Amino acid sequence: MPPRPDFLRPLVLSGPSGTGKSTLLQRLFAEYPDKFAFSVSHTTRLPRPGELDGKQYHFVSRDVFLDLLNRKGFIEHAEFSGNLYGTSVQAVQSIADSGRRCILDIESQGVRQIKQTDLNPVYLFISPPSLAALRERLTSRGTETEVAVEKRLGTALVEIEYAKEPGVHDLVIVNDDLDRAYELFKKVALGEHVEGDSLPPLND
Ligand code: ADP
Ligand code: 5GP
């Protein structure tokens, strides 16, 4: 059976830090090891325990990042919570002819920049069920200091305001119950047409 048309378009995942994007992606890659390819971004942040260079990110110094930026090596880039992040041209090009669906996990400044390119992806926003749940997840992940959690929560409000603008995303999935959210996410990733969720008020 030929792939569904949306499967041939890249999938851009965004949503506040701690909403569960990596968790959903890990499940997807475990269930379908050959169908998808993650666009491995560059970042200047330090690896978390268990993160591997070249897998979750290319972990680089600020100098290396800025050098690649000067050489027009990024499709998009952003400063997020004090670190630089960017999608290299190479990251996306290396996937283009693989037959796998390219998946990007980026924040909203990057989404805005991708919209100026001819990548033509499907834009999916992963929403937390509430701000309280987001705080709880960021804290219990245990990867950030208290200060960094507050910074990420502040940035989350910006991400959410952007997501409220009409037409920014093609689809929203609320990551409330993980199994439910994953079933929906899987369908979107496979290119099936699904009714997404409504964006919760996220004002608590
Ligand atoms: P992101 O990649 O969006 O920053 P993560 O995938 O790292 O977020 O998830 C943040 C934390 O929330 C992790 O500890 C993860 O185990 C947890 N988590 C993810 N999805 C859910 C969910 N539906 N319910 C409760 N906790 C979740
Ligand atoms: P984290 O430090 O938690 O891995 O990621 C922080 C934020 O950076 C997340 O919102 C993630 O989506 C975003 N991000 C990761 N890679 C990129 C990238 O290449 N470009 C942009 N613009 N954002 C990224």
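Rules used throughout
- Counting restarts for each chain: residues are numbered from 1 in the order of the written sequence.
- The lettering of chains begins at A and the numbering of ligands begins at 1, in the order of writing.
- Given that this is a predicted model, residues contribute local features only at a pLDDT of at least 70 and side-chain atom pairs are listed and counted only at 80 or more, while totals for whole chains, interfaces and linings are drawn from all residues.
- Neither water nor hydrogens contribute to the side-chain values; these are computed over all heavy atoms in the structure.
- Just to be clear on terms, a salt bridge is a Lys or Arg side-chain nitrogen sitting within 4 Å of an Asp or Glu carboxyl oxygen.
- The way it works is that DSSP assigns letters per residue, a run of H or I at least four long becomes a helix, a run of E at least two long becomes a strand, and they are numbered from the N terminus.
- Using a 1.4 Å probe on the protein chains alone, a residue whose accessible area is under 20% of its type maximum counts as buried, one over 50% counts as exposed, and one in between counts as partly exposed.
- Residues are classed as near a molecule or strand on a simple rule: at least one heavy atom within 4 Å of it.
- Contacts described as polar in this section are N or O atom pairs within 3.5 Å, which, within protein, must combine one atom able to donate a hydrogen with one able to accept it, while residues neighboring in sequence count only if both atoms come from side chains.
- Per-residue accessibility takes into account occlusion by the displayed protein chains alone, with areas from the Shrake-Rupley method and a 1.4 Å probe.
- Under the convention adopted here, Pro, Cys and the residues Ala, Val, Leu, Ile, Met, Phe, Trp and Tyr are nonpolar, Asp, Glu, Lys and Arg are charged, and Gly plus all remaining residues are polar.
- By the convention used here, strands pair only if DSSP detects at least 2 bridges between them.

Naming follows an unreviewed UniProt entry, where the chain appears as Guanylate kinase of Auriscalpium vulgare.

Looking now at the pattern of salt bridges. Opposite charge on two side chains permits them to pair, given that their charged atoms come into close proximity. Applying the stated criterion across every chain yields a total of 15 salt bridges. With its nearest N and O atoms 3.2 Å apart, the salt bridge here joins Glu144 to Arg48. Of this pair, Glu144 sits in the loop between α5 (131–141) and α6 (146–164) while Arg48 sits in the loop between β3 (41–43) and β4 (57–59), placing them 96 residues apart in sequence. Assigned by exposure class, Glu144 and Arg48 land together as buried. The partner of Arg71 in a salt bridge is Asp67, and the shortest N-O contact between them spans 3.2 Å. Among the residues examined, Arg71 registers a relative accessible area of 54% and is labelled exposed. Via salt bridges that share partners, Arg48, Arg141, Glu144 and Arg152 belong to a single interconnected network.

To continue, consider the site of ligand 1. The local shell around ligand 1 holds 13 residues, among which Gly18, Lys21, Ser22, Thr23 and Asn175 are the closest. At a separation of 2.9 Å, an oxygen atom of ligand 1 approaches a polar side-chain atom of Arg141. Here a nitrogen atom of ligand 1 sits 3.4 Å away from a polar atom, N or O, in the main chain of Leu178. The fraction of the free accessible surface of ligand 1 (570 Å²) that becomes covered by protein chains is 75%. Ranked by residues supplied to the shell around ligand 1, first place goes to helix α1 (residues 21–31) with three residues. Partitioned by chemical class, the residues of the shell around ligand 1 number two nonpolar, seven polar and four charged.

With respect to burial, strand β6 (residues 83–88) is a largely interior element, six of its six residues being buried. The alternating pattern of β6 places Asn83, Tyr85 and Thr87 and Leu84, Gly86 and Ser88 on opposite faces, both of which are buried. Where β3 and β6 come together, two bridges link them in antiparallel fashion. Bridge assignment links His42 to a residue of β6, and that residue is Gly86. Strand direction decides the pairing type here: strand β5 (residues 74–80) and β6, joined by six bridges, are antiparallel. Its bridge partner being in β6, Phe74 is matched across the sheet by Ser88.

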